Amino acid sequence: MAEHFGLKYLRREVLPTAFCPGCYNGILMNALFQAFMELGIEDLKRFVFVSGIGCSSWIPSPFIKADSLHTLHGRAIPVATGVKLANPELNVIVIGGDGDLASIGGNHLLHAARRNMDLLVIMINNQVYGMTRGQAAPTTPHGMITPTTPYGNPERPMDVASIIAGTNANYVARWCISQYIPLKNSIKDALSRYSRGFRFLEVYAPCVTYVVRREGKTPGEKLKELMKKCVRIKTWREMSPEEREKHVATGVFKAEDKPGFIETYKKYIAQALGEK
Amino acid sequence: MVRYKVFINKKLCKGCGICIEICPRNALRFNGINPETGYRNPEQAGECIGCRQCMWYCPDQAIVVVGER
Ligand SMILES: Cc1ncc(C[n+]2csc(CCOP(=O)(O)OP(=O)(O)O)c2C)c(N)n1
Ligand code: SF4
Ligand code: SF4
Ligand code: SF4
Ligand SMILES: [Mg+2]
(Lines give C-alpha, C1' and ligand atoms only; values in the text may rest on other atoms or scores of the structure.)
(Ligands and ions follow the chains in the order given, each with its own letter.)
Protein backbone atom coordinates (compact mmCIF):
# COMPACT_ATOMS: atom_id res chain seq x y z
CA MET A 1 0.00 0.00 0.00
CA ALA A 2 1.18 3.50 -0.81
CA GLU A 3 2.35 5.55 2.12
CA HIS A 4 1.17 8.92 3.40
CA PHE A 5 3.75 11.66 2.79
CA GLY A 6 3.68 12.68 6.46
CA LEU A 7 4.67 9.34 7.93
CA LYS A 8 8.38 9.73 7.33
CA TYR A 9 8.38 12.80 9.61
CA LEU A 10 6.47 11.02 12.37
CA ARG A 11 7.36 8.57 15.11
CA ARG A 12 5.15 5.71 13.98
CA GLU A 13 5.40 3.89 17.29
CA VAL A 14 3.42 6.62 19.09
CA LEU A 15 0.63 6.91 16.50
CA PRO A 16 -2.25 7.54 16.35
CA THR A 17 -1.89 10.93 17.98
CA ALA A 18 -3.50 11.67 21.34
CA PHE A 19 -5.76 14.29 19.74
CA CYS A 20 -9.55 13.93 19.74
CA PRO A 21 -11.07 12.42 16.56
CA GLY A 22 -11.21 15.18 13.95
CA CYS A 23 -8.90 17.58 15.84
CA TYR A 24 -7.60 20.11 13.33
CA ASN A 25 -4.07 19.96 14.80
CA GLY A 26 -3.53 16.96 12.50
CA ILE A 27 -4.35 19.04 9.41
CA LEU A 28 -1.66 21.56 10.34
CA MET A 29 0.71 18.58 10.64
CA ASN A 30 -0.16 17.54 7.07
CA ALA A 31 0.52 21.07 5.78
CA LEU A 32 3.83 21.23 7.66
CA PHE A 33 4.95 17.84 6.35
CA GLN A 34 3.92 18.65 2.80
CA ALA A 35 5.94 21.88 3.04
CA PHE A 36 8.99 19.88 4.21
CA MET A 37 8.49 17.39 1.40
CA GLU A 38 8.17 20.07 -1.29
CA LEU A 39 11.28 21.85 0.03
CA GLY A 40 13.20 18.59 -0.34
CA ILE A 41 13.79 18.23 3.40
CA GLU A 42 14.41 14.50 3.78
CA ASP A 43 14.83 14.29 7.53
CA LEU A 44 14.63 16.76 10.39
CA LYS A 45 18.17 16.42 11.75
CA ARG A 46 18.83 20.17 11.44
CA PHE A 47 15.54 21.08 13.13
CA VAL A 48 14.63 21.53 16.77
CA PHE A 49 11.00 21.90 17.85
CA VAL A 50 10.10 23.69 21.05
CA SER A 51 6.68 23.74 22.65
CA GLY A 52 4.97 24.69 25.88
CA ILE A 53 1.87 23.06 27.39
CA GLY A 54 -1.46 22.42 25.69
CA CYS A 55 -2.91 20.16 23.00
CA SER A 56 -1.12 22.07 20.23
CA SER A 57 2.13 21.79 22.16
CA TRP A 58 1.84 18.03 21.71
CA ILE A 59 2.21 18.31 17.93
CA PRO A 60 6.03 18.19 17.95
CA SER A 61 6.50 16.21 21.09
CA PRO A 62 6.23 13.25 20.97
CA PHE A 63 4.87 12.90 17.43
CA ILE A 64 7.38 14.58 15.09
CA LYS A 65 10.56 12.62 14.43
CA ALA A 66 13.01 15.34 15.47
CA ASP A 67 14.67 16.70 18.58
CA SER A 68 12.14 18.55 20.66
CA LEU A 69 11.86 20.37 23.96
CA HIS A 70 8.47 20.19 25.67
CA THR A 71 8.86 23.03 28.17
CA LEU A 72 6.64 24.90 30.62
CA HIS A 73 3.29 26.54 29.86
CA GLY A 74 4.05 29.80 28.02
CA ARG A 75 7.83 29.42 28.05
CA ALA A 76 8.55 27.83 24.66
CA ILE A 77 9.87 31.03 23.08
CA PRO A 78 12.57 31.83 25.68
CA VAL A 79 13.79 28.22 25.53
CA ALA A 80 13.76 28.32 21.71
CA THR A 81 15.74 31.59 21.84
CA GLY A 82 18.34 29.85 23.98
CA VAL A 83 18.59 26.94 21.53
CA LYS A 84 19.04 29.29 18.58
CA LEU A 85 21.70 31.38 20.36
CA ALA A 86 23.60 28.27 21.45
CA ASN A 87 23.60 26.78 17.93
CA PRO A 88 22.54 29.26 15.24
CA GLU A 89 22.91 26.58 12.56
CA LEU A 90 19.74 24.87 13.74
CA ASN A 91 16.27 25.62 12.38
CA VAL A 92 14.17 26.30 15.44
CA ILE A 93 10.38 25.96 15.22
CA VAL A 94 7.97 26.73 18.05
CA ILE A 95 4.48 25.21 17.87
CA GLY A 96 1.92 26.08 20.50
CA GLY A 97 -1.54 27.22 21.42
CA ASP A 98 -3.21 30.61 21.69
CA GLY A 99 -3.27 30.24 25.47
CA ASP A 100 0.35 29.20 25.60
CA LEU A 101 1.77 31.80 23.21
CA ALA A 102 -0.63 34.74 23.43
CA SER A 103 -1.86 34.54 27.03
CA ILE A 104 0.60 33.25 29.64
CA GLY A 105 3.48 33.54 27.13
CA GLY A 106 2.28 36.76 25.49
CA ASN A 107 5.14 38.93 26.62
CA HIS A 108 7.75 36.46 25.38
CA LEU A 109 6.03 36.40 21.99
CA LEU A 110 5.90 40.18 21.77
CA HIS A 111 9.55 40.70 22.62
CA ALA A 112 10.98 37.86 20.53
CA ALA A 113 9.06 39.42 17.61
CA ARG A 114 10.39 42.88 18.52
CA ARG A 115 13.94 41.50 18.49
CA ASN A 116 13.27 39.79 15.15
CA MET A 117 14.64 36.63 16.76
CA ASP A 118 15.43 33.91 14.22
CA LEU A 119 12.52 31.59 14.97
CA LEU A 120 9.47 30.24 13.18
CA VAL A 121 6.51 30.37 15.55
CA ILE A 122 3.29 28.57 14.60
CA MET A 123 0.37 29.43 16.87
CA ILE A 124 -2.77 27.29 16.74
CA ASN A 125 -5.63 29.65 17.53
CA ASN A 126 -8.32 27.19 18.57
CA GLN A 127 -10.13 29.94 20.51
CA VAL A 128 -9.91 28.21 23.90
CA TYR A 129 -7.70 26.43 26.41
CA GLY A 130 -8.37 23.05 24.81
CA MET A 131 -6.30 20.80 27.01
CA THR A 132 -7.96 21.99 30.23
CA ARG A 133 -11.44 21.59 28.73
CA GLY A 134 -12.24 24.69 26.79
CA GLN A 135 -12.05 27.69 29.12
CA ALA A 136 -12.02 31.18 27.58
CA ALA A 137 -8.70 32.46 26.24
CA PRO A 138 -7.68 35.95 25.00
CA THR A 139 -8.69 34.72 21.53
CA THR A 140 -12.21 33.58 22.44
CA PRO A 141 -14.90 35.32 20.36
CA HIS A 142 -17.20 37.85 22.04
CA GLY A 143 -20.32 36.12 23.35
CA MET A 144 -18.97 32.55 23.22
CA ILE A 145 -20.18 30.31 26.04
CA THR A 146 -17.39 28.41 27.77
CA PRO A 147 -17.05 26.96 31.32
CA THR A 148 -15.50 30.27 32.48
CA THR A 149 -17.95 32.47 30.53
CA PRO A 150 -21.31 30.77 31.17
CA TYR A 151 -23.27 33.87 30.06
CA GLY A 152 -21.14 34.44 26.97
CA ASN A 153 -17.66 35.94 26.78
CA PRO A 154 -17.93 39.62 27.82
CA GLU A 155 -14.50 40.36 26.34
CA ARG A 156 -13.41 40.69 22.75
CA PRO A 157 -10.61 38.60 21.21
CA MET A 158 -7.15 39.93 20.46
CA ASP A 159 -5.93 39.95 16.87
CA VAL A 160 -2.58 38.28 17.43
CA ALA A 161 -1.33 38.39 13.82
CA SER A 162 -1.96 42.16 13.59
CA ILE A 163 -0.20 42.76 16.90
CA ILE A 164 2.88 40.80 15.78
CA ALA A 165 2.81 42.58 12.41
CA GLY A 166 3.25 45.79 14.40
CA THR A 167 6.64 44.64 15.73
CA ASN A 168 9.92 44.10 13.85
CA ALA A 169 8.95 40.54 12.88
CA ASN A 170 9.94 39.72 9.30
CA TYR A 171 7.04 37.51 8.30
CA VAL A 172 3.48 37.37 9.62
CA ALA A 173 0.54 35.45 8.17
CA ARG A 174 -2.80 34.08 9.32
CA TRP A 175 -4.61 31.20 7.63
CA CYS A 176 -7.63 29.15 8.52
CA ILE A 177 -7.19 25.42 8.73
CA SER A 178 -9.63 25.17 5.79
CA GLN A 179 -7.09 27.00 3.57
CA TYR A 180 -4.74 24.06 3.22
CA ILE A 181 -2.79 25.12 0.11
CA PRO A 182 -2.03 28.74 1.11
CA LEU A 183 -1.19 27.56 4.64
CA LYS A 184 1.26 25.00 3.25
CA ASN A 185 2.77 27.57 0.87
CA SER A 186 3.14 30.07 3.70
CA ILE A 187 5.04 27.52 5.80
CA LYS A 188 7.30 26.92 2.79
CA ASP A 189 7.94 30.66 2.41
CA ALA A 190 8.70 31.01 6.11
CA LEU A 191 11.36 28.29 5.72
CA SER A 192 12.85 29.37 2.39
CA ARG A 193 12.34 32.86 0.94
CA TYR A 194 12.01 34.31 4.45
CA SER A 195 14.32 32.08 6.38
CA ARG A 196 15.72 34.60 8.85
CA GLY A 197 14.31 36.76 11.62
CA PHE A 198 11.01 36.23 13.37
CA ARG A 199 8.33 34.45 11.34
CA PHE A 200 4.85 34.10 12.82
CA LEU A 201 1.99 31.98 11.51
CA GLU A 202 -1.40 32.13 13.17
CA VAL A 203 -3.53 29.11 12.28
CA TYR A 204 -7.23 29.65 12.94
CA ALA A 205 -8.51 26.18 13.83
CA PRO A 206 -11.39 26.00 16.37
CA CYS A 207 -11.04 23.23 18.98
CA VAL A 208 -13.14 20.40 17.60
CA THR A 209 -14.24 19.11 20.99
CA TYR A 210 -14.79 22.31 22.98
CA VAL A 211 -15.83 24.77 20.24
CA VAL A 212 -17.09 22.85 17.21
CA ARG A 213 -19.01 20.07 19.01
CA ARG A 214 -20.40 22.58 21.52
CA GLU A 215 -21.87 24.40 18.52
CA GLY A 216 -23.52 21.11 17.55
CA LYS A 217 -21.43 20.76 14.40
CA THR A 218 -19.28 17.94 13.09
CA PRO A 219 -15.61 18.70 12.29
CA GLY A 220 -16.41 18.28 8.57
CA GLU A 221 -19.34 20.73 8.69
CA LYS A 222 -17.21 23.30 10.49
CA LEU A 223 -14.42 22.97 7.93
CA LYS A 224 -16.88 23.72 5.15
CA GLU A 225 -18.22 26.69 7.14
CA LEU A 226 -14.67 28.03 7.56
CA MET A 227 -14.14 27.81 3.80
CA LYS A 228 -16.77 30.58 3.51
CA LYS A 229 -15.96 32.47 6.72
CA CYS A 230 -12.26 32.96 6.05
CA VAL A 231 -11.59 35.73 3.55
CA ARG A 232 -8.52 37.59 2.31
CA ILE A 233 -7.43 40.66 4.31
CA LYS A 234 -8.38 43.07 1.50
CA THR A 235 -11.93 41.68 1.25
CA TRP A 236 -12.27 41.82 5.04
CA ARG A 237 -11.19 45.48 5.18
CA GLU A 238 -13.90 46.44 2.72
CA MET A 239 -16.61 44.86 4.93
CA SER A 240 -18.92 46.65 7.37
CA PRO A 241 -18.04 46.26 11.08
CA GLU A 242 -20.92 43.75 11.49
CA GLU A 243 -19.73 41.69 8.54
CA ARG A 244 -16.15 41.78 9.78
CA GLU A 245 -17.19 40.15 13.06
CA LYS A 246 -18.60 37.20 11.12
CA HIS A 247 -15.45 36.66 9.05
CA VAL A 248 -11.78 35.96 9.61
CA ALA A 249 -9.18 38.09 7.82
CA THR A 250 -6.54 35.81 6.36
CA GLY A 251 -3.43 36.21 4.29
CA VAL A 252 0.11 37.52 4.57
CA PHE A 253 0.22 40.55 6.87
CA LYS A 254 3.89 41.22 6.34
CA ALA A 255 6.82 39.73 4.41
CA GLU A 256 10.27 41.26 4.81
CA ASP A 257 13.78 39.88 4.87
CA LYS A 258 15.65 42.12 7.31
CA PRO A 259 18.66 40.60 9.10
CA GLY A 260 17.47 38.69 12.13
CA PHE A 261 18.73 39.07 15.70
CA ILE A 262 21.48 36.45 15.23
CA GLU A 263 23.15 38.29 12.35
CA THR A 264 22.96 41.63 14.08
CA TYR A 265 24.29 40.17 17.30
CA LYS A 266 27.24 38.48 15.56
CA LYS A 267 28.28 41.89 14.19
CA TYR A 268 27.92 43.38 17.64
CA ILE A 269 30.19 40.70 19.13
CA ALA A 270 32.78 41.29 16.39
CA GLN A 271 32.74 44.99 17.22
CA ALA A 272 33.15 44.34 20.91
CA LEU A 273 36.16 42.13 20.12
CA GLY A 274 37.70 45.00 18.14
CA GLU A 275 37.27 43.32 14.76
CA LYS A 276 36.11 45.41 11.86
CA MET B 1 -8.80 7.88 -18.37
CA VAL B 2 -7.06 8.02 -15.05
CA ARG B 3 -8.36 5.99 -12.17
CA TYR B 4 -7.87 6.94 -8.58
CA LYS B 5 -7.92 4.68 -5.60
CA VAL B 6 -8.34 5.80 -1.99
CA PHE B 7 -6.55 3.77 0.70
CA ILE B 8 -7.52 4.08 4.36
CA ASN B 9 -5.03 3.18 7.08
CA LYS B 10 -7.32 1.50 9.58
CA LYS B 11 -4.77 1.66 12.37
CA LEU B 12 -4.68 5.47 12.19
CA CYS B 13 -8.27 6.37 11.28
CA LYS B 14 -10.35 7.78 14.17
CA GLY B 15 -13.65 7.79 12.29
CA CYS B 16 -14.12 11.58 12.44
CA GLY B 17 -15.93 11.64 9.09
CA ILE B 18 -14.10 14.71 7.73
CA CYS B 19 -13.05 12.88 4.55
CA ILE B 20 -16.62 11.77 3.83
CA GLU B 21 -18.04 15.27 4.36
CA ILE B 22 -15.31 17.09 2.45
CA CYS B 23 -15.29 14.89 -0.67
CA PRO B 24 -16.82 16.85 -3.59
CA ARG B 25 -17.90 13.60 -5.29
CA ASN B 26 -19.38 11.73 -2.30
CA ALA B 27 -16.93 8.97 -3.11
CA LEU B 28 -16.48 7.78 0.49
CA ARG B 29 -18.79 6.21 3.04
CA PHE B 30 -18.50 4.54 6.44
CA ASN B 31 -18.26 0.77 6.49
CA GLY B 32 -18.91 -0.79 9.90
CA ILE B 33 -16.86 -0.51 13.06
CA ASN B 34 -13.23 -1.52 13.28
CA PRO B 35 -13.01 -3.93 16.27
CA GLU B 36 -9.30 -3.09 16.74
CA THR B 37 -9.88 0.62 17.39
CA GLY B 38 -13.60 0.92 18.03
CA TYR B 39 -13.85 3.60 15.34
CA ARG B 40 -15.83 3.59 12.11
CA ASN B 41 -13.61 3.47 9.03
CA PRO B 42 -14.52 4.90 5.64
CA GLU B 43 -14.16 3.07 2.36
CA GLN B 44 -14.29 4.12 -1.27
CA ALA B 45 -17.77 3.73 -2.68
CA GLY B 46 -17.78 5.88 -5.78
CA GLU B 47 -15.68 7.55 -8.44
CA CYS B 48 -12.76 9.61 -7.16
CA ILE B 49 -11.47 12.56 -9.19
CA GLY B 50 -8.13 12.67 -7.38
CA CYS B 51 -8.53 16.13 -5.82
CA ARG B 52 -6.64 15.03 -2.66
CA GLN B 53 -8.87 17.01 -0.29
CA CYS B 54 -9.65 13.95 1.83
CA MET B 55 -5.90 13.33 2.17
CA TRP B 56 -5.06 16.93 3.14
CA TYR B 57 -7.92 17.30 5.59
CA CYS B 58 -7.67 13.88 7.26
CA PRO B 59 -6.14 14.87 10.61
CA ASP B 60 -4.69 11.42 11.21
CA GLN B 61 -2.54 10.83 8.12
CA ALA B 62 -4.86 7.89 7.42
CA ILE B 63 -5.63 8.52 3.73
CA VAL B 64 -3.56 8.00 0.62
CA VAL B 65 -4.95 8.74 -2.84
CA VAL B 66 -3.17 6.87 -5.62
CA GLY B 67 -3.25 7.68 -9.34
CA GLU B 68 -1.79 10.44 -11.47
CA ARG B 69 -3.59 13.41 -12.92
C1 LIG C 1 1.88 27.55 34.69
C2 LIG C 1 0.69 26.75 34.28
N3 LIG C 1 -0.54 27.30 34.38
C4 LIG C 1 -1.62 26.61 34.00
C5 LIG C 1 -1.49 25.35 33.50
C6 LIG C 1 -2.73 24.57 33.07
N7 LIG C 1 -2.85 24.50 31.64
C8 LIG C 1 -2.44 23.41 30.93
S9 LIG C 1 -2.70 23.55 29.28
C10 LIG C 1 -3.40 25.09 29.51
C11 LIG C 1 -3.95 25.89 28.37
C12 LIG C 1 -3.76 25.31 27.03
O13 LIG C 1 -4.33 26.16 26.08
P14 LIG C 1 -3.59 26.48 24.75
O15 LIG C 1 -2.21 26.92 24.98
O16 LIG C 1 -4.46 27.38 23.95
O17 LIG C 1 -3.46 25.06 24.06
P18 LIG C 1 -4.61 24.12 23.45
O19 LIG C 1 -4.77 23.02 24.45
O20 LIG C 1 -5.83 24.94 23.30
O21 LIG C 1 -4.05 23.66 22.17
C22 LIG C 1 -3.41 25.46 30.85
C23 LIG C 1 -3.97 26.72 31.35
C24 LIG C 1 -0.19 24.79 33.40
N25 LIG C 1 0.02 23.58 32.88
N26 LIG C 1 0.87 25.52 33.80
S1 SF4 D 1 -9.42 19.24 23.14
FE2 SF4 D 1 -9.58 20.37 21.22
S3 SF4 D 1 -7.48 20.99 20.70
FE4 SF4 D 1 -7.36 19.36 22.25
S5 SF4 D 1 -7.10 17.45 21.09
FE6 SF4 D 1 -9.29 17.72 21.50
S7 SF4 D 1 -10.07 18.82 19.69
FE8 SF4 D 1 -7.85 19.03 19.67
S1 SF4 E 1 -10.71 11.94 7.87
FE2 SF4 E 1 -9.17 10.38 8.35
S3 SF4 E 1 -9.52 9.87 10.51
FE4 SF4 E 1 -11.35 10.95 9.79
S5 SF4 E 1 -12.76 9.30 9.11
FE6 SF4 E 1 -11.59 9.97 7.30
S7 SF4 E 1 -9.82 8.55 7.24
FE8 SF4 E 1 -10.70 8.40 9.27
S1 SF4 F 1 -9.39 12.57 -3.68
FE2 SF4 F 1 -11.12 14.02 -3.78
S3 SF4 F 1 -12.66 12.95 -5.00
FE4 SF4 F 1 -11.21 11.39 -4.36
S5 SF4 F 1 -12.09 10.57 -2.48
FE6 SF4 F 1 -10.66 12.17 -1.88
S7 SF4 F 1 -11.92 14.01 -1.68
FE8 SF4 F 1 -13.12 12.50 -2.86
MG1 LIG G 1 -5.89 26.95 22.58
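Values in this document were obtained by computation on a predicted structure and should not be read as measured data.

Caption draft 1: Up close: the sheet that holds strand β7 (residues 171–176) of chain A. Residues and elements named next belong to chain A. Taken in spatial order, the eight strands make up an open sheet running β2-β1-β3-β4-β8-β7-β10-β9, and their pairing is mixed. Both edges of this open sheet fall to β2 (67–70) and β9 (230–232), since each of them pairs with a single strand only. Going from strand to strand, the sheet's axes swing by 20° on average, the running direction of each strand aside. Along the sheet face, helix α9 (residues 219–229) touches β8 (198–204), β9 and β10 (248–255) and points at about 25° away from the line of β9.

Caption draft 2: Here's a closer look at the coordination of the magnesium ion (ligand 5). All names here are of chain A. Within the protein, the atoms that donate to the magnesium ion (ligand 5) are Asp 98 (OD), Asn 126 (OD1) and Val 128 (O), at distances of 2.0 to 2.2 Å. Between consecutive donors of the magnesium ion (ligand 5), the numbers of intervening residues give the motif D-x27-N-x1-V. Of this pair, Asp 98 sits in helix α4 (residues 98–104) while Val 128 sits in strand β5 (residues 128–129), and the two are 30 residues apart along the sequence.

Caption draft 3: Region of interest: the state of the cysteines. Residue and element names in this part refer to chain A. Under the definition given, this model contains one disulfide over all chains. The side chain of Cys 176 participates in a disulfide bridge whose partner is Cys 230; the two sulfur atoms lie 2.1 Å from each other. One quick way to see it: the torsion about the S-S bond of Cys 176 and Cys 230 is about -85°, and its sign makes the bridge left-handed. Taken as a pair, Cys 176 in strand β7 and Cys 230 in strand β9 lie far apart in primary sequence, 54 residues in all. Here the two residues Cys 176 and Cys 230 agree in accessibility, since each one is buried.

Caption draft 4: Representation of the packing of aromatic side chains within the structure. Residues and elements named next belong to chain A. Under the defined criterion, the tally for this structure stands at 11 aromatic pairs over all chains. Look at Tyr 265 and Tyr 268: their rings are 6.0 Å apart centre to centre, the planes differ by 10°, and that puts the pair in the stacked class. Of this pair, Tyr 265 and Tyr 268 are both found in helix α12 (residues 261–272), three residues apart, which corresponds to roughly one turn of the helix. Above the ring of Phe 261, the side-chain terminus of Arg 115 is found at 5.7 Å from the ring centroid. Between Arg 244 and the ring centre of Trp 236, over which it is positioned, the NZ or CZ distance is 4.7 Å.

Caption draft 5: Layout of the interface of chain B and chain A. Taken residue by residue, the interface counts 21 residues in chain B and 33 residues in chain A. With both chains or domains summed, chain B and chain A bury close to 2100 Å², and 68% of this area falls on carbon and sulfur atoms. The largest contributions to the chain B side of the interface with chain A come from B:Trp56, B:Tyr57 and B:Gln61, which together make up 32% of the buried area. Taken together, the links from chain B to chain A amount to zero salt bridges. Between chain B and chain A we count 13 residue pairs in polar contact (both at pLDDT 80 or more) in total. Listed by contribution, the elements that provide at least two residues to the side of chain B that touches chain A are α1 (18–22), α2 (53–57) and β4 (63–66) of chain B. Broken down by element, the residue count for the side of chain B that touches chain A peaks at four residues, all from α2(B).

Caption draft 6: Fine view of the site of ligand 3. If you check the shell around ligand 3, you find B:Cys13, B:Lys14, B:Gly15, B:Cys16, B:Gly17, B:Cys19, B:Pro42, B:Cys58, B:Pro59 and B:Ile63 and nothing else. Across the shell around ligand 3, the residue classes tally to seven nonpolar, two polar and one charged.

Caption draft 7: Examining the site of ligand 1 more closely. What surrounds ligand 1 is a group of 16 residues, the closest being A:Cys55, A:Ser56, A:Asp98, A:Asp100 and A:Gly130. Separating an oxygen atom of ligand 1 from a backbone N or O atom of A:Val128 is a distance of 3.0 Å.

Caption draft 8: Region of interest: the side chain of A:Thr17. If you trace the backbone, A:Thr17 turns up in the segment before α1 (25–38). Using a relative accessible area of 7% as the deciding quantity, one classes A:Thr17 as buried. At a separation of 3.4 Å, a polar atom in the side chain of A:Thr17 contacts the side chain of B:Asp60.

Caption draft 9: Local environment of the confidence of the model for chain B. Overall, the prediction assigns chain B a mean pLDDT of 95, with 96% of residues at 70 or greater. Confidence metrics for the complex model read pTM 0.98 and ipTM 0.96.

Caption draft 10: Geometry of unusual backbone geometry. The step from A:Leu15 to A:Pro16 runs through a cis peptide bond, and the omega angle for that step is 0°. One can find A:Pro16 in the segment before α1. A cis amide bond links A:Ser61 with the next residue in sequence, A:Pro62, at an omega value of 15°. Position of A:Pro62 among the secondary structure elements: in helix α2 (residues 59–63). If you check the backbone angles, A:Asn116 has positive phi at about 55° while not being a glycine. Its location among the elements puts A:Asn116 in the loop between α5 (106–114) and β4 (119–125). The phi dihedral of B:Arg52 falls on the positive side, at around 75°, and the residue is not glycine. By the secondary structure assignment, B:Arg52 is in the loop between β3 (40–44) and α2. Of the residues examined, B:Arg52 reaches a relative accessible area of 18% and is grouped as buried.

Caption draft 11: Quick peek at the nonpolar core. Counting residues in each nonpolar core, the largest one holds 70 residues, and the members touching the most others are A:Tyr24, A:Phe36, A:Phe49 and A:Ile177. Here the element with the most residues in this core is α1(A); it accounts for eight residues. The contact partners of A:Ile177, leaving out residues within four places of it in the chain, are A:Tyr24, A:Ile27, A:Leu28, A:Leu183, A:Val203, A:Tyr204, A:Ala205, A:Leu223, A:Leu226 and B:Tyr57. Membership of the second largest hydrophobic core comes to 26 residues, among which are A:Ile77, A:Val83, A:Leu90 and A:Leu101.

Thresholds applied
- Residues numbered from 1 in each chain as written.
- Chains lettered and ligands numbered in written order.
- Predicted model: local features only at pLDDT ≥ 70, side-chain atom pairs only at ≥ 80, totals over all residues.
- Heavy atoms only, no water.
- Pairing = 2+ DSSP bridges.
- Helix = DSSP H or I, 4+ residues; strand = E, 2+ residues; numbered from the N terminus.
- Axes fitted to C-alpha atoms, helices over the stretch in contact; angles between N-to-C directions.
- Contact = heavy atoms within 4.5 Å.
- Donors = N, O, S within 2.8 Å, 3.2 Å for Na, K, Ca; no water.
- Disulfide = S-S within 2.5 Å.
- Buried < 20%, exposed > 50% of the residue type's maximum accessible area, 1.4 Å probe, protein only.
- Phe/Tyr/Trp six-rings, centres within 6.5 Å; stacked < 30°, edge-to-face > 60°.
- Lys NZ or Arg CZ within 6 Å of the ring centre and 35° of its normal.
- Buried area = accessible area lost by both parts, 1.4 Å probe.
- Salt bridge = Lys/Arg side-chain N within 4 Å of Asp/Glu carboxyl O.
- Polar contact = N/O pair within 3.5 Å; in protein donor to acceptor, adjacent residues only side chain to side chain.
- Near = heavy atom within 4 Å.
- Nonpolar A, V, L, I, M, F, W, Y, C, P; charged D, E, K, R; others polar.
- pLDDT = per-residue confidence, 0-100.
- Core = buried A, V, L, I, M, F, W, Y, C linked by side-chain atoms within 4.5 Å.

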